[in-house]
Amino acid sequence: MGLADSEVGDTVPVVDLIENAEEVGQDIQDELLGAEPEEPGAQSGGEFAFPAIARRASLPIKTAADPAYSIYSQWWDNKYIKVAVRNGTATWGWQHLQKHNVSLAMLPKTTKFPRNRYLENGSLIYVTPANQYTCWLASCRIDRTMDVKVVVNPTRLNDGAPRGVISAYCVGPTVCPTWVRQVGG
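The model shown is predicted, which means the values in this text are computed figures rather than measured ones. Per chain, the residues get numbers from 1 upward, laid out in the order the sequence is written. Only residues with pLDDT of at least 70 get local features here, since the model is predicted, and only at 80 or more are side-chain atom pairs given and counted; chain-wide, interface and lining totals rely on the full set of residues. For side-chain calculations, the full set of non-hydrogen atoms in the structure is used, while hydrogens and water are omitted.

Chemist: Looking at this model, I keep getting lost on the side chain of Asp 77. Mind explaining?
Modeler: Counting from the N terminus, the helices are DSSP H or I runs at least four residues long and the strands are E runs at least two residues long. As for its placement among the helices and strands, Asp 77 is situated in the loop between strand 3 (71–76) and strand 4 (82–86). When its relative accessible area of 6% is taken as the criterion, Asp 77 is described as buried. As used in this structure description, the phrase polar contact means that two N or O atoms lie within 3.5 Å; if the pair is within protein, one of them must be able to donate a hydrogen and the other to accept it, and residues adjacent in sequence are counted only when both atoms belong to side chains. From its side chain, Asp 77 meets the backbone nitrogen of Tyr 80 in a polar contact 3.0 Å long. Here the side chain of Asp 77 touches Arg 117 through a polar contact of 3.3 Å, side chain to side chain. If near-sequence neighbours (up to four positions away) are discounted, Asp 77 is found in contact with Val 83, Thr 111, Lys 112, Arg 117 and Tyr 126. Relative accessibility decides the category of a residue: with a 1.4 Å probe and only protein chains considered, values under 20% of the type maximum give buried, values over 50% give exposed, and everything between is partly exposed. Here a residue-residue contact requires only that any non-hydrogen atoms of the pair lie within 4.5 Å.

Laid out in C-alpha cells, this is it:
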C-alpha cells in the first residue's frame with residue numbers, strides 16, 4: 001500500500017497513509033503514530049521516509065478478535081524479525097504444536113540458531129539440528145541428531161505482531177521423540 005503518485009525516497013505525511021489505508025479497510029494508525037523517522041533526512045512533524053513506511057504498511061493486516069489469535073509468546077529471530085506463537089487452533093499455533101511433542105523452549109532456539117533458513121510459499125522455514133551429546137573428560141561426541149523444523153507466517157496482524165508459528169515438528173517422524181524435547185529444553 002502507498003500513495004499512487006509517490007516514488008521511492010519521497011516523504012509522505014502519516015495522515016495521508018492512514019486515510020489511504022482506511023479507504024481500503026485497514027487500520028494502521030497505531031503502528032504509524034508510534035513510529036520514528038527511519039532514514040537520515042526524513043522530516044519530523046508527522047512525515048517519514050516513504051520506503052520504511054511502505055514496507056510496513058504493505059503487509060496484509062487481519063483482524064485479531066478471535067481468542068486463537070492472542071499471543072502465547074514472542075521473540076526476535078537471528079535476523080531480528082519478530083516471531084510470535086499464538087494460541088491457535090488444531091491446525092496452527094500453540095494448540096497444533098502439542099501434537100508434535102514440541103516444547104516452547106525449542107521454538108526460539110530453532111529460529112535464533114538455524115542451520116538453514118529460507119522462504120517457501122510466503123512462510124519462513126527454519127531448520128536446526130537437535131543434538132544429544134555424551135561427554136567424557138574434555139571431549140564430547142554426538143550420539144543422536146534430528147532436525148527440528150519451524151514454519152512461521154510473517155503476515156502482520158492488527159496487533160502489530162506476525163501471525164507467527166504455524167507448525168513445528170521433527171523432520172522424519174514429525175512427532176518429536178522425548179530426547180529431542182529434552183535437548184530443546
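Chemist: Is there a simple way to explain the state of the cysteines in this structure?
Modeler: By definition, a disulfide links the sulfur atoms of two cysteines through a covalent bond. Pairs of cysteine sulfur atoms within 2.5 Å are what we label disulfides. Tallied over the full model, the rule gives 2 disulfides. With its sulfur 1.9 Å from that of its partner, Cys 135 forms a disulfide with Cys 140. An S-S torsion of about 110 degrees defines the bridge between Cys 135 and Cys 140 as right-handed. Judged by its relative accessible area of 49%, Cys 140 falls in the partly exposed class. Sulfur-sulfur distance for the disulfide between Cys 170 and Cys 176 comes to 2.1 Å. Since a negative S-S torsion denotes a left-handed disulfide, the Cys 170-Cys 176 link at about 110 degrees is right-handed. Each member of the pair, Cys 170 together with Cys 176, is buried.

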